[in-house]
Amino acid sequence: MKIVVIQGPNLNMLGVREQQVYGSMKLEQIHAQMKDFASQSGLEIEFFQSNLEGEIVDKIQECYGDADGIIINPAAYTHTSIAIRDAISAVSLPTIEVHISNIHRREEFRKQNMVAAVCTSSVVGFGPFGYHLAMVGMIQIMNEIKAVQEMQK
């Protein structure tokens, strides 16, 4: 099974920007931990980060027919991007949204979430550990899908 991890704008600056909000871990460290867990779990994992909305939309679309699930942190695009929302909806893959901070406890504009309604689930406010929780959740979702498919045979 293949999971694609898509990271939105400014996440390449983790470990540098607003450490009081996002912590001191760098994106590369988060990805290394995810890669280790994927390897232990027999999963293929691919990482992608972009500051550009269109590139994120393109990557989501590329997942159609190539991946079994998506873990996405749309970052600031969470609050504004109908295009990312529509791309997630179009590919119809299990998708887990991750946010390092608890977006519900932050500025008022961050409480609007354009993508949550088309995601399978969301993990917010657990810091970098949220990505691990998303991986565990994705494995559970994929196992449930597999079990349903086997029952239909």
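Our subject in this report is the structure included herewith.

Conventions we followed
- Residues numbered from 1 in each chain as written.
- Predicted model: local features only at pLDDT ≥ 70, side-chain atom pairs only at ≥ 80, totals over all residues.
- Heavy atoms only, no water.
- Helix = DSSP H or I, 4+ residues; strand = E, 2+ residues; numbered from the N terminus.
- Rg over C-alpha atoms; globule rule 2.2 N^0.38 Å.
- Buried < 20%, exposed > 50% of the residue type's maximum accessible area, 1.4 Å probe, protein only.
- Contact = heavy atoms within 4.5 Å.
- Areas by Shrake-Rupley, 256 points an atom, 1.4 Å probe, with all protein chains shown as cover.
- Lys, Arg positive; Asp, Glu negative; His and termini not counted.
- Charge placed at Lys NZ, Arg CZ, Asp CG, Glu CD.

1. Examining the overall build of the protein chain
When its secondary structure is counted, the protein chain shows five helices and five strands. Listed N to C, the secondary structure of the protein chain is β-α-α-β-α-β-α-β-β-α in terms of helices and strands. A globule of 153 residues ought to have a C-alpha radius of gyration of about 15 Å, and the protein chain, at 15 Å, matches this closely. Per-residue burial over the protein chain gives 45% buried out of 153 residues. By sequence separation, contacts in the protein chain at least 24 residues apart represent 76% of the contacts at least 6 residues apart. Carbon and sulfur atoms make up 50% of the accessible area of the protein chain, which totals about 7900 Å². Positive and negative charge centroids in the protein chain, built from 12 and 17 side chains respectively, lie 5 Å apart.

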